[in-house]
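Architecture and fold: a report
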Amino acid sequence: MTETGWTMGNFLSEPEEENERNQESYVDYCYDHPGSMPGTLIIGERAVTPTIIAIDYCEKKAIRLLLATPEECIPYLDSESVSWLDVQGLGSEDILNRVGKVFHLHPLLLEDIVNVPQRPKVEDYEGHLVIIARMVMLNEQRHNSAQESFITEQVSFVLGKDYLLTVQEEPEHDSFGPVRDRIRSNKGTIRKQKADYLAYALLDAIIDGFFPVLEAYGERIEDLEDEVVANPTHHTLEKIYKIKRELLTLRRAIWPQRNAINTLIRDGSPLISEEVRIYLRDCYDHTMQVLDIVETYRELAGGLMEVYLSSISNRMNEVMKLLTVISSIFIPLTFIAGVYGMNFNPDRSPLNMPELNWYWGYPAVWGVMIAIAVFMILLFWRRGWFKNFSTTQRPR
């Protein structure tokens, strides 16, 4: 299995249908069952059967192969070239245990890799460095507003001297396409560097994958600002709660990731060179930018709730004001109508509504009522009561 070039005899085909994935709650992490042995692997019911892709490269050539068994990874562990061994899927306990044996992974480390989701972190084991990260991507196949706007999955890195093992939850989505293209086309310096630079490049691709997601959220928040001011409904409230929940998920993904990258820079490792640590500082800066944007959007989403309540209150005030104006106009008219609706007999006393016998009595009452109504309308108009009193507007 020594094909040269960027081809595969058994290259993976694109699936015809998207596999259903377990969507973890935004408040959950993975917990062991009470009484379970340390290192117990929990395989999800919908987890995808693992496939192993090997990308082996040096400055002169690069090959990409589909490996049939985990044991085929062994020749790449001590090769002079850089080997990227990508395990995609967590649906077979047997394959994952064999991967653990091939790479000499501690049972607790294998548990962290398989039992997702875990909190992003960095751990230094003898002979290799472990990095657990969260990767997010836009949900391009989103069909309705009830679905999540982004896809998130755990990616685990096991960095050795000349190899990098990555373990993903599923094979259909990742942010590593640009890195694969750089290796294939020999762009930049990636094929001149070691495995630690490859780990940095993949981490940087994960962090950069947050920006398109955040850009989409910025557009959604702008649309919500217009909707909250112009026509807030109970659906608007649902959208605000949904976006706040999803932003919390993003925050839970990027916050510990920032700490993990900072640990790599601060503590270092024999497996990471000083040159790569400088690159990791740039990755850390990008992480801080993502975190700042997430926090800003969370504050905006929280402010949208206050604007929503204010808009609802203003609309209620408009309705009450309209009813008050109408009532104020009809109160004196109702008084006049009530007075002349009393059944006093004018024949019994000259003081009992003598105007009922006037020739112009009925037109006179109508004239007085209309005059009062017009006077009150003009008075309210002069006071500005008929203007649009909803002054809440979206700042431009």
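These figures come from a predicted structure and were not determined experimentally. (Residues numbered from 1 in each chain as written. Predicted model: local features only at pLDDT ≥ 70, side-chain atom pairs only at ≥ 80, totals over all residues. Heavy atoms only, no water.)

1. Describing the overall build of the protein chain
Regarding its fold elements, the protein chain presents nine helices and seven strands. Across the 396 residues that make up the protein chain, the buried fraction comes to 41%. For the protein chain, the share of sequence-separated contacts (at least 6 apart) that also reach a separation of at least 24 residues comes to 71%. In the structure as shown, the protein chain presents an accessible area of about 22300 Å², 55% of it carried by carbon and sulfur atoms. (Helix = DSSP H or I, 4+ residues; strand = E, 2+ residues; numbered from the N terminus. Buried < 20%, exposed > 50% of the residue type's maximum accessible area, 1.4 Å probe, protein only. Contact = heavy atoms within 4.5 Å. Areas by Shrake-Rupley, 256 points an atom, 1.4 Å probe, with all protein chains shown as cover.)

2. Observations concerning the pairing of strand β3 (residues 82–88)
Buried residues dominate β3, accounting for seven of its seven residues. Residues V82, W84, D86 and Q88 line one face of β3 and the alternating positions S83, L85 and V87 line the opposite face, and both faces are buried. Looking at chain direction, strand β1 (residues 51–57) and β3 are connected through seven bridges and run antiparallel. Note on β3: the bridge partner recorded for I55 is W84. Pairing analysis gives six bridges linking β3 to strand β7 (residues 163–168), with the strands arranged parallel. Bridge pairing in β7 places L85 opposite L165. (Pairing = 2+ DSSP bridges.)

3. Some thoughts on helix α2 (residues 93–102)
Of all the residues in α2, the buried ones are I95, L96, V99, G100 and V102. For α2, the angular spread of buried residues about the axis comes to 165 degrees, placing them on one side. Residues of α2 that are buried in the fold lie against β1, α1 (74–77), β3, α3 (107–114) and β7. Just past α2, the residue H104 takes up positive phi, approximately 55 degrees. (Arc of directions from axis to C-beta.)

4. Structural notes on the environment of I261
With respect to the element layout, I261 can be found in helix α7 (residues 234–267). Linking I261 and D285, residues 24 residues apart in sequence, is a C-alpha distance of 10.0 Å. With near-sequence residues (within four places) excluded, I261 lies in contact with I207, L280, C283, Y284 and T287.

5. Here we look at the nonpolar core
Among the nonpolar cores identified, the biggest contains 61 residues, and F157, F176, I183, L198 and L250 are the most heavily contacted of them. With residues near it in sequence (within four places) discarded, L250 still touches V136, F150, F210, V213, L214, Y217 and V294. L65, F103, V114 and V158 belong to the second-largest nonpolar core, a separate cluster that totals 28 residues. (Core = buried A, V, L, I, M, F, W, Y, C linked by side-chain atoms within 4.5 Å.)

6. What about the packing of aromatic side chains?
Overall, the coordinates contain eight aromatic pairs when judged by the stated rule. Ring plane angle 85 degrees and centroid distance 5.2 Å describe the contact between Y197 and Y279, whose orientation is recorded as edge-to-face. Separated by 82 residues along the polypeptide, Y197 in helix α5 (residues 195–208) and Y279 in helix α8 (residues 274–339) bring together distant segments of the chain. We classify Y197 as buried; its relative accessible area is 6%. Look at Y362 and W366: their rings are 6.3 Å apart centre to centre, the planes differ by 80 degrees, and that puts the pair in the edge-to-face class. In this pair, Y362 and W366 both sit in helix α9 (residues 361–382), four residues apart, roughly one turn of the helix. The exposure class assigned to Y362 is exposed, which follows from its relative accessible area of 60%. Overall, W366 belongs to the partly exposed group, its relative accessible area being 43%. (Phe/Tyr/Trp six-rings, centres within 6.5 Å; stacked < 30°, edge-to-face > 60°.)

7. What about the packing of helix α6 (residues 210–230) against α8?
Two numbers describe how α6 lies on α8: the axes approach to 10 Å, and their chain directions differ by 15 degrees. Our classification of the angle between α6 and α8 gives roughly parallel. In this structure, α6 meets α8 at a crossing whose hand is left-handed. In this structure, α6 contributes F210, F211, L214, Y217, G218, I221, L224, E225, V228 and V229 to the contact, and α8 contributes H286, Q289, V290, I293, V294, Y297, L300, L304, V307, Y308 and S311. (Axes fitted to C-alpha atoms, helices over the stretch in contact; angles between N-to-C directions. Parallel < 35°, antiparallel > 145°, perpendicular 65-115°, else oblique. Left-handed = near helix turned anticlockwise from the far one by under 90°.)

8. Re the sheet that holds strand β2 (residues 62–67)
Across the sheet, seven strands lie side by side as β2-β1-β3-β7-β6-β5-β4; this open sheet has mixed pairing. Each of the sheet's edge strands pairs with one partner strand only, and the pair in question is β2 and β4 (121–125). Along the sheet, successive strands turn relative to each other by an average axial angle of 20 degrees, direction set aside. Sheet strands in contact with α3 are β4, β5 (128–138), β6 (150–159) and β7, and its direction is about 160 degrees off that of β6. Where α6 meets the sheet, it contacts β5 and β6, and its direction lies at approximately 30 degrees from that of β5.

9. Topic: the UniProt feature "transmembrane region" (unreviewed entry) in the protein chain
The UniProt entry lists residues 322–340 and 360–381 under the feature "transmembrane region" (unreviewed entry), expressed in the numbering used here. Within the segment residues 322–340, helix and strand shares are 95% and 0% respectively, and the terminal C-alpha atoms sit 28 Å apart. Taken as a whole, residues 360–381 contains 95% helix and 0% strand, while its terminal C-alpha atoms sit 31 Å from one another. (UniProt positions renumbered as here; feature names shortened; annotations may be inferred.)

10. Describing the environment of K101
Turning to its location among the elements, K101 is positioned in helix α2. A relative accessible area of 66% places K101 in the exposed class. A C-alpha to C-alpha distance of 9.0 Å links K101 and E71, two positions 30 residues apart in sequence.

11. Remarks on the pattern of salt bridges
Scanning the entire structure with this criterion turns up 15 salt bridges. When the shortest N-O distance is used, the salt bridge between K239 and E227 registers 3.2 Å. Of this pair, K239 sits in helix α7 while E227 sits in helix α6, and the two are twelve residues apart along the sequence. A relative accessible area of 40% means that K239 is categorised as partly exposed. Residue classification places E227 among the partly exposed positions, given a relative accessible area of 22%. One salt bridge in this structure joins K242 and E246, with 3.0 Å as the shortest N-O distance. Taken together, the residues span about one helical turn, with K242 and E246 both in helix α7 at a distance of four residues. (Salt bridge = Lys/Arg side-chain N within 4 Å of Asp/Glu carboxyl O.)

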